[in-house]
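Architecture at a glance
Chain residues, written in single-letter form:
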Amino acid sequence: MKEIEKYENLLETFPRLRTVLCDAIQNEFLDIKRIKSSCKHYEDACNEHPPLKDAQCVIYSPFMKRTDHNYETFIFIDDKGEETCHISGREMELEGMLESMCGLKVSEAYSRSKRSA
């Protein structure tokens, strides 16, 4: 893991998040967003994938082009960071289902490093 962590409270917010996922998020290889549970697209996805109902957030690659989402696997986690399900991009799209990550605080060191870059 790099010296500067992006989020200062990632593990406090999601204490059961696997280390490999935590490191990938902190190093910006993966991103995490909250699921907009009021979204019709989310409701439809829950009907197809019942374990999705327990998910609060999704972890995904911010580098995948939309045209390549068929090759990605989305990792859904609950409010403690426990994985609820993995769903292939071939089976669903995230568009319209995501909102900004509430509760995570970007570290001051990370903010400073981005300003000076």
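Summary of the structure given here. (Residues numbered from 1 in each chain as written. Predicted model: local features only at pLDDT ≥ 70, side-chain atom pairs only at ≥ 80, totals over all residues. Heavy atoms only, no water.)

**Focus: the overall build of the protein chain**
- Regarding its fold elements, the protein chain presents four helices and five strands.
- Mapped from its N terminus to its C terminus, the protein chain presents α and β elements in the order α-α-β-α-β-β-β-β-α.
- In terms of overall dimensions, the protein chain is globule-like: its C-alpha atoms have a radius of gyration of 15 Å, near the 13 Å expected for 117 residues.
- Along the three orthogonal principal directions, the C-alpha set of the protein chain runs to about 45 × 30 × 25 Å. (Helix = DSSP H or I, 4+ residues; strand = E, 2+ residues; numbered from the N terminus. Rg over C-alpha atoms; globule rule 2.2 N^0.38 Å.)

**Some words on the environment of Gly89**
- Mapped onto the elements of the fold, Gly89 is located in the loop between strand 4 (83-88) and strand 5 (98-99).
- Residues Gly89 and Glu48, 41 residues apart in the sequence, show an inter-C-alpha distance of 14 Å.
- Those residues in contact with Gly89 that sit more than four places away from it in its chain are His69, Asn70, Glu72 and Phe74. (Contact = heavy atoms within 4.5 Å.)

So yeah, pure geometry; function would need other evidence.
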